[in-house]
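# Structure assessment
What follows is the residue order along each chain.
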Amino acid sequence: MKLESRDKKTLIIGGIAAAVILLYFFALLPLVEDLSRKRERIPIKEKGLAEMRVLRRQYIEMQQGLQQAQAAATQRGPLLTEIENITKRANLSSKIVSLKPQAGAQAEGFKESVVEIRLDNVTLYDVVNYVHLLEKATLRIRKLSFKPRFDNPKLLNTTILVSSAG
């Protein structure tokens, strides 16, 4: 079968057009779409990066705070001794029912000391003053509960869970 030159030209132009169309749909278009998707994700990734920088700054500040708390704890000495000293300053030594050390959180580079303090027959003012003294000594109040006594509702039985780094 012999084609005329006009048919050959048409066939060549059609083949080139088909090749260009196939090249566009299977090579160029996916690249352009991928590029546009990536361009759309740039602001999202930049926002995530900014968030990570803020979190990094907060993490560093928390690490420094932890190191300061641990340094203060080593200067202060054992937690039980510190609590006993604060209790004496608050004139509540006779009101202590128990001081129980408890298991605290431990992680790499961090150790938490926890003590449960039970006080009986104290006033609300005494509890508030005592908690204030504990917090002033950079101790953390993890839990505070109190119940009024049945024999005298003005007096309270109190349980305080105190923690400290170190």
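One can find the structure itself at the top, above this paragraph.
One structure accompanies this document, and this report is about it. (Residues numbered from 1 in each chain as written. Predicted model: local features only at pLDDT ≥ 70, side-chain atom pairs only at ≥ 80, totals over all residues. Heavy atoms only, no water.)

### Side note on the overall build of the protein
- If you tally the helices and strands in the protein, you get three helices and five strands.
- When its helices and strands are written in sequence order, the protein yields α-α-β-β-β-α-β-β.
- In terms of C-alpha radius of gyration, the protein reaches 36 Å, well past the compact-globule figure of 15 Å for 166 residues.
- Dimensions along the principal axes, computed over C-alpha positions, put the protein at roughly 120 × 40 × 25 Å.
- Evaluated residue by residue, the protein yields a buried proportion of 21% over its 166 residues.
- Surface accessibility of the protein: about 12700 Å² in total, with carbon and sulfur atoms responsible for 59%. (Helix = DSSP H or I, 4+ residues; strand = E, 2+ residues; numbered from the N terminus. Rg over C-alpha atoms; globule rule 2.2 N^0.38 Å. Buried < 20%, exposed > 50% of the residue type's maximum accessible area, 1.4 Å probe, protein only. Areas by Shrake-Rupley, 256 points an atom, 1.4 Å probe, with all protein chains shown as cover.)

### Looking at helix α2 (residues 79-89)
- Within α2, the full set of buried residues consists of L79, E82, I83, I86 and T87. All buried residues of α2 fall inside an arc of 140° around its axis, so they share one side.
- Note on α2: the residue one or two positions beyond its end, N91, has a positive phi of about 60°. (Arc of directions from axis to C-beta.)

### Describing the environment of L119
- In this structure, L119 sits in strand β3 (residues 110-122).
- Residues in contact with L119, not counting those within four places in the same chain, are L92, K95, I96, V97, Y130, L156, N157, T158 and I160. (Contact = heavy atoms within 4.5 Å.)

### As for the side chain of S98
- The topology assignment puts S98 in strand β1 (residues 96-102).
- Sequence-distant contacts of S98, defined by excluding residues within four places in its chain, comprise E116, I117 and R118.

### Focus: the side chain of E116
- Tracing the chain through its elements places E116 in strand β3.
- The side chain of E116 is buried and forms no salt bridge, while K100, the nearest opposite charge, is found at 4.2 Å.
- Excluding residues that lie within four positions of it along the chain, E116 makes contacts with S98, L99, K100, Q102, T159, I160 and L161. (Lys, Arg positive; Asp, Glu negative; His and termini not counted. Salt bridge = Lys/Arg side-chain N within 4 Å of Asp/Glu carboxyl O.)

### So, the packing of α2 against helix α3 (residues 124-136)
- The geometry of α2 relative to α3 is characterised by a closest axis approach of 10 Å and an angle of 135° between their N-to-C directions. Taken together, the axis directions place α2 and α3 in an arrangement best described as oblique. Relative to α3, α2 is oriented so that their crossing is right-handed. From α2, I83, I86 and T87 reach across to α3, where they touch Y130, L133 and L134.
- Within the contact of α2 with α3, the residues separate by chemical class into five nonpolar, one polar and no charged. (Axes fitted to C-alpha atoms, helices over the stretch in contact; angles between N-to-C directions. Parallel < 35°, antiparallel > 145°, perpendicular 65-115°, else oblique. Left-handed = near helix turned anticlockwise from the far one by under 90°. Nonpolar A, V, L, I, M, F, W, Y, C, P; charged D, E, K, R; others polar.)

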